[in-house]
Amino acid sequence: MVSSIIVHGGAKTISKDKARANTAGCMAAVQAGWSILTGGGNAKDAVEAAIRVLEDNPTFNASIGATLDSDGEVFLDAAIMEGKTYGWGGVAAVQKVRHPISVARKIMENKSMLLVSKGAEQFAAERGDEMCAPSELISDEQRREWEEQEAVLDRPATVGCVALDDNGLLVAGTSTGGLANQPPGRVGDSALVGCGLYADNNLGACSTTGDGESIIPVVLAKTAIDFLVENRHPQQAAQMAIDKLASQVKGEAGCILLDHQGQVGWAYNSQDMAVAYMTAKMDKIAVFTKK
Ligand code: ASP
């Protein structure tokens, strides 16, 4: 078993002028998580830290810079799961929290549950999480694209992270602003255990991205992990999960996957996908916008 971490910045189209921001953002997130893993921290801390870096970066559709719904508002979903006790926590349709992944983490440490809207915001405020005005999450770029109703090809997408620590703990986390122009009240897959993320210490852990309405019926994260049986390599398992989604429900999606040994896999059927990873076997971070 080797400690490992992988992050994604979403299955999407990445235009040339946004490639560098995507790779730099994913590398910064891996660095944040990796320094925790190598400093003796656990995979829960590493996943939370990496996703907080991505949530702060307007290149991605999570917290700051999230896409707007059809009413011009931002609503955030996030969840985290660990593979030892199968504990998990999630938030959906929240507006006033700066780091939904940290609220999800606190829910997981308290009692596994998915909290939505005001209840999640109240939980966050009571536990001293960083709160904000909903407008603080809206970037100039996302506001302009919404106002002009531009047909944008390279919109930001969901973020996620999977990590394995020295003790064999596997953790997955995902954070998103949902789909651009989604109807008010729509919640996708990202905060749903089995769909947007899953972790099982015996097999592996996975975070997904893409069309939530296609990911949900395929239970994409759990499906990818189930393909790890019989020591299948995570590269092959990730590809099989995406192929299954494409053949059963069409739609675009991507996933990142670690197995219980820390081997890495990822696959997508969108145009591009921003991914970076690091393992104890490597001497520098690998980063991609395409496979
Ligand atoms: N899966 C997210 C959702 O459907 C969107 C994304 O991954 O870009 O809400």
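Predicted, not measured: the structure shown is a model, and the values here were computed from it.

> What exactly am I supposed to notice about helix H3 (residues 100-110) here?
Every α-helix winds through 3.6 residues per turn, so residues three or four apart in the chain are directed the same way. Within H3, eight of the 11 residues are buried, leaving the element largely enclosed by the surrounding structure. Inspection of H3 places Pro100, Ile101, Ser102, Val103, Ala104, Arg105, Ile107 and Met108 among the buried residues, and these make up the whole buried set.

> So what exactly am I meant to see when it comes to the sheet that holds strand E8 (residues 204-210) here?
The strands making up a sheet associate through hydrogen bonds between their backbones, and the pairing can be parallel or antiparallel. Pairing is antiparallel in the open sheet, where four strands are placed in the order E7-E8-E9-E10. Each end of this open sheet is capped by a strand with a single partner; those strands are strand E7 (197-200) and strand E10 (264-268). Taken over all neighbouring pairs, the strand axes of this sheet differ in orientation by 10 degrees on average, direction set aside. Sheet strands touched by helix H8 (residues 234-248): strand E9 (253-259) and E10. Its angle to E10, the strand with the most contacts, is close to 25 degrees.

> Can you help me understand unusual backbone geometry in this one?
In the Ramachandran plot, Ser63 falls in the positive-phi region, its phi being about 50 degrees despite a non-glycine side chain. Among the structural elements, Ser63 can be located in the loop between helix H2 (43-55) and strand E2 (76-82). Overall, Ser63 belongs to the buried group, its relative accessible area being 0%. Despite not being glycine, Asn181 has its phi angle at roughly 65 degrees, a positive value.

> For this particular structure, what's the right way to read the nonpolar core?
Soluble globular proteins tend to bury their nonpolar side chains together. Counting residues in hydrophobic clusters, the biggest one holds 41 residues, and the most contacted among them are Ile6, Leu220, Leu257 and Trp266. Setting aside anything within four residues of it in sequence, one finds Leu257 in contact with Ala205, Cys206, Ala224, Ile225, Leu228, Pro234, Ala237, Ala238, Gln263, Val264 and Gly265. Counting residues in each nonpolar core, the second largest holds 29 residues, with Trp34, Ile51, Phe60 and Ala62 among its members.

> Would you mind showing me how to read the packing of H3 against helix H4 (residues 117-126) here?
Geometry of a packed helix pair, given as the angle between the helix axes and the separation of the axes. It is at 10 Å that the axes of H3 and H4 come closest, and there the two elements cross at 85 degrees. Our classification of the angle between H3 and H4 gives roughly perpendicular. The residues of H4 that touch H3, namely those facing Val103, Lys106, Ile107 and Asn110, are Ala120, Phe123 and Ala124. Here the residues of the contact of H3 with H4 are counted per class, giving five nonpolar, one polar and one charged.

> What exactly am I supposed to notice about the sheet that holds strand E6 (residues 170-176) here?
If you walk across this open sheet you meet the eight strands as E4-E3-E2-E6-E5-E1-E11-E12, and the pairing is mixed. Single-partner strands in this sheet number two, and they are strand E4 (113-116) and strand E12 (286-288). Taken over all neighbouring pairs, the strand axes of this sheet differ in orientation by 10 degrees on average, direction set aside. As judged from the four bridges shared by strand E3 (residues 88-94) and E4, these two strands associate in the parallel manner. Paired with Val91 across the bridge in E4 is Leu115. Lying over the sheet, helix H1 (residues 16-38) contacts strand E1 (4-12), strand E5 (159-164), strand E11 (272-279) and E12, oriented at roughly 155 degrees with respect to E1. With respect to the sheet, H3 is in contact with E2, E3, E4 and E6, its orientation differing from that of E2 by roughly 45 degrees.

Here is what the cut-offs are and how they apply
Residues numbered from 1 in each chain as written. Predicted model: local features only at pLDDT ≥ 70, side-chain atom pairs only at ≥ 80, totals over all residues. Heavy atoms only, no water. Buried < 20%, exposed > 50% of the residue type's maximum accessible area, 1.4 Å probe, protein only. Helix = DSSP H or I, 4+ residues; strand = E, 2+ residues; numbered from the N terminus. Pairing = 2+ DSSP bridges. Axes fitted to C-alpha atoms, helices over the stretch in contact; angles between N-to-C directions. Contact = heavy atoms within 4.5 Å. Core = buried A, V, L, I, M, F, W, Y, C linked by side-chain atoms within 4.5 Å. Parallel < 35°, antiparallel > 145°, perpendicular 65-115°, else oblique. Nonpolar A, V, L, I, M, F, W, Y, C, P; charged D, E, K, R; others polar.

Just distances and angles here, no functional claims.
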